[in-house]
Amino acid sequence: MAQPDNKKLFENLTGAGKAIAVLTSGGDAQGMNAAVRAVVRMGIYVGAKVYFVHEGYQGMVDGGDNIKEATWESVSSMLQVGGTVIGSARCKDFRSHEGRLKAAHNLVHRGITNLCVIGGDGSLTGANLFREEWSGLLAELVQQELIDEEAAQKYSALHIVGMVGSIDNDFCGTDMTIGTDSALHRIIEVVDAIMTTAQSHQRTFVLEVMGRHCGYLALVSALACGADWVLIPEMPPEDGWEEKMCQKLSATRSRGSRLNIIIVAEGATDRHGKAITSSIVKDLVVRRLGFDTRVTILGHVQRGGTPSAFDRILASRMGVEAVMALLETTANTPACVVSLCGNQSVRLPLMECVQMTQEVQKAMDEKRFEDAVRLRGRSFENNLRTYKLLAHRKPEIELPHSNFNVAVLNVGAPAAGMNAAVRSAVRVGISEGHKMFAVNDGFEGFYKGQIKEVKWADVGGWTGQGGSLLGTKRTLPAKYIDKIAEQIRKYNINALLVIGGFEALECLLQLNEARAQYEEFCIPLCMLPATISNNVPGTDLSIGADTALNAIVETCDRIKQSASGTKHRVFIIETMGGYCGYLASVGGLAAGADAAYIYEEPFDIRDLQSNVEHLTEKMKTSIQRGLVLRNESCNENYTTDFIYQLYSEEGRGVFDCRKNVLGHMQQGGAPSPFDRNFGTKIAAKAMQWISKKLNESYRQGRVFANTEDSACLLGMRRRAMVFQPVVQLKDDTDFVHRIPKEQWWLKLRPLMKILAKYKTSYDVSDSGQLEHVTLHRPRESTAAI
């Protein structure tokens, strides 16, 4: 596709004559291999030499075969592998001056002056020290006659870019570190499995998760599974917590629950610094309540397994961003970390991030726990606030009494995470003093009067359930508008929360139009985007899309593995999404696809022929498997069968073909941790907005709201959560094809092509710019869960 002239294009940056080394250091994390792959392929793409440093800093100190030049093929088939295939080690030698001198000699010997370090704060701090000492180290090497003056001049500056690989998400300045989402997947898989056995025996389970200094995994997994109690190092419980916890567990059982879940971070302490271990918690529950209690310590399970779709995409984007940062760096540019803030790439000064991370630990050591939570960032703070709001029900007498009735319903196709959003909305609404009503089967159920009040306990255990427990239909309200108005009068509904996909947007637009005729619709109306297709205007992400991506990526991994050991084979995979190519494009990036055909990027027979020739060329090397994704509605003539037959015929003698239509498996299954938490937090924010609007529009004993800003969609835009009037979104929408006119993820498509060895233009005008760590978080960032 043609690129406008005003874009800053990647081909203007060249790596010719440069050498980049990539290493993984410290603890391993799922997704590190995706980052290594992206660095290697992007480096080679721009003409640089790229080297692996095996075994982290130890390999850099030891040199020899530990530092090897990488080839395009050497990173094939590593995208789906957990851990780090180039090895990682804790290195005492690099902490000494002599060790760093050896490392400098080994790098200069190969002409390497660009270093991409993937690790935690210790690894990145070591890299920065190495950079600061570089000129002194070269002077020593000249003095010892290990290198000459010419080499010292030629390699006078060392450039460093860091990527944070850590399952703990304990590095300040970044919303999500590589590996965190995958670790949450492991934890939630275990919790979901444990819940079934706990329910059978009416047991209490105490789960210990990793996080010696950071409670992110414990907190977010507690939010994702609706745990009864969570213990984290940043916010130790108040004195007397034992009694409060036991009361909470008893209250949960008395409301009919057959199980309790308590999550403990391995570094949890009380206010006096005394450790709270999982066994202490178990003994406490047994002694005081007599409940049958078991302990499960997850340990290194959390580090293992294949990386999630989120981690693969994050690592691939960051790997490419790291190479761009290295190409743009000068001798005066400080060492930086590439990261995501919201949905946008950012570059942050490495040492500012390290200092902020150390400040958190200092605050915890000095028992300034509120400061520790605040320093972790808005995302962590918001997670903690939301957990407290949803897990701990206030007594009736403490609740405000608003006398408002709020209805919640699902519209359109089911999406994983819808139930988490409903649970959150109901509980936050009750906490705000409202009466909450659930509507079954969308607007079809609404006009039929399938409306009932829903209480706090009615939504217990909903977070981890897939599909839509309320039931959902595609029926639009226009046809039954008078009957719906009648039901609103009957139940005295004062506000409406609609959770759904493109149909939900159409519903809100119809209700907004009906305000002119029916005063019943002059109430606050809010929509939350929930669809696997991610085709709703006004938001970068929708509830359910992450779960669908993971289903696609897991299936692609299995399909590719089925061809291991066989002759060369190409798989044609059809994904859902209607006319929206999000699942095909982003799924293709996460699964390592060679091509992804979508409606938004028109293609013809020449493009198909070019792709076949490209794959044929790759198959003549050591590449054995190819993957091609096709969005279900990308072209009415170039069907999945047509593409399969074309590839089979044109690839004859070089590779054979198989096809697979993924179908509704993309819509099913338990929601991913991301979707559970995104749904939970976005619904909590929506209910707080509804409360505000109800209070603003309450006049003379009734609610009356008919302004544009009283009918809104809550979406995530770049770095912040934004309420947008639905009427303003009409101009941004292609209603015929049910997609937004502009879609952010189209900028990721050239990235997929580059990593698949295509020559293409890559617009980097939206790439990260160097910012300061204290300034880069506007209102509320939620890339992170």
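Here goes a summary of the coordinates provided.

What counts, and where the lines are drawn
Residues numbered from 1 in each chain as written. Predicted model: local features only at pLDDT ≥ 70, side-chain atom pairs only at ≥ 80, totals over all residues. Heavy atoms only, no water. Salt bridge = Lys/Arg side-chain N within 4 Å of Asp/Glu carboxyl O. Helix = DSSP H or I, 4+ residues; strand = E, 2+ residues; numbered from the N terminus. Buried < 20%, exposed > 50% of the residue type's maximum accessible area, 1.4 Å probe, protein only. Pairing = 2+ DSSP bridges. Axes fitted to C-alpha atoms, helices over the stretch in contact; angles between N-to-C directions. Expected span 1.5 Å × (residues − 1). Contact = heavy atoms within 4.5 Å. Right-handed = clockwise from strand over helix to strand, strands pointing away.

**Remarks on the pattern of salt bridges**
Reasoning step 1: Under the criterion given, the structure shown has 36 salt bridges.
Reasoning step 2: Between R203 and D292 there is a salt bridge, with its nearest N and O atoms 2.8 Å apart. Remark: D292 occurs in the loop between α9 (278–289) and β9 (293–297) and R203 occurs in the loop between α6 (180–201) and β6 (204–209); sequence separation between them is 89 residues.
Reasoning step 3: Linking R658 and D656 is a salt bridge whose minimum nitrogen-to-oxygen distance equals 3.7 Å.
Reasoning step 4: For D656, a relative accessible area of 16% gives the class buried.
Reasoning step 5: Here the residues in one salt-bridge network are E366, R368, D371 and R374, joined through shared partners.

**Observations regarding the sheet that holds strand β21 (residues 656–661)**
Reasoning step 1: Spatial ordering of the open sheet is given by β19-β20-β18-β21, a layout of 4 strands whose pairing is parallel. Each edge of the open sheet is held by one strand with a lone partner, namely β19 (595–597) and β21. Looking at each pair of strands side by side, their axes are set apart by 20 degrees on average, direction ignored.
Reasoning step 2: Of the strand pairs in this sheet, strand β18 (residues 569–575) and β21 are connected by 6 bridges, and their pairing is parallel. Directly across from I573, in β21, lies its bridge partner N660.

**Notes on helix α11 (residues 350–365)**
Reasoning step 1: Between its first and last C-alpha atoms α11 spans 23 Å; for 16 residues at 1.5 Å apiece the expected length is 22 Å, and the two agree.
Reasoning step 2: Buried within α11 we find L350, C353, V354, M356, T357, V360, A363 and M364.
Reasoning step 3: Of the surrounding elements, those touching the buried residues of α11 are α4 (121–143), β10 (336–341), β11 (344–349) and α12 (369–376).

**What about the pairing of β10?**
Reasoning step 1: With 6 of 6 residues buried, β10 is to be regarded as a mostly interior element.
Reasoning step 2: The two faces of β10 match: C336, V338 and L340 on one face and V337, S339 and C341 on the other face are all buried.
Reasoning step 3: Across 3 bridges, the pairing between strand β5 (residues 159–164) and β10 is parallel. Bridge pairing in β10 places V161 opposite C336.
Reasoning step 4: Taken together, the 6 bridges between β10 and β11 define a ladder with antiparallel strand orientation. Pairing of C336 across the sheet is with P349, part of β11.

**A look at the pairing of strand β12 (residues 405–411)**
Reasoning step 1: Burial of β12 is extensive: 7 of the 7 residues sit out of reach of the surface.
Reasoning step 2: Of the two faces of β12, both are covered, the one formed by N405, A407, L409 and V411 as well as the one formed by V406, V408 and N410.
Reasoning step 3: The pairing of β12 with strand β13 (residues 435–439) spans 4 bridges and is parallel. Its bridge partner lying in β13, V408 is registered against A438.
Reasoning step 4: Once you follow β12 into helix α14 (residues 418–431) and on to β13, the crossover reads as right-handed.
Reasoning step 5: Of the pairings in the sheet, the one linking β12 to strand β16 (residues 495–500) comprises 6 bridges and is parallel in character. Bridge pairing in β16 links V408 to L497.

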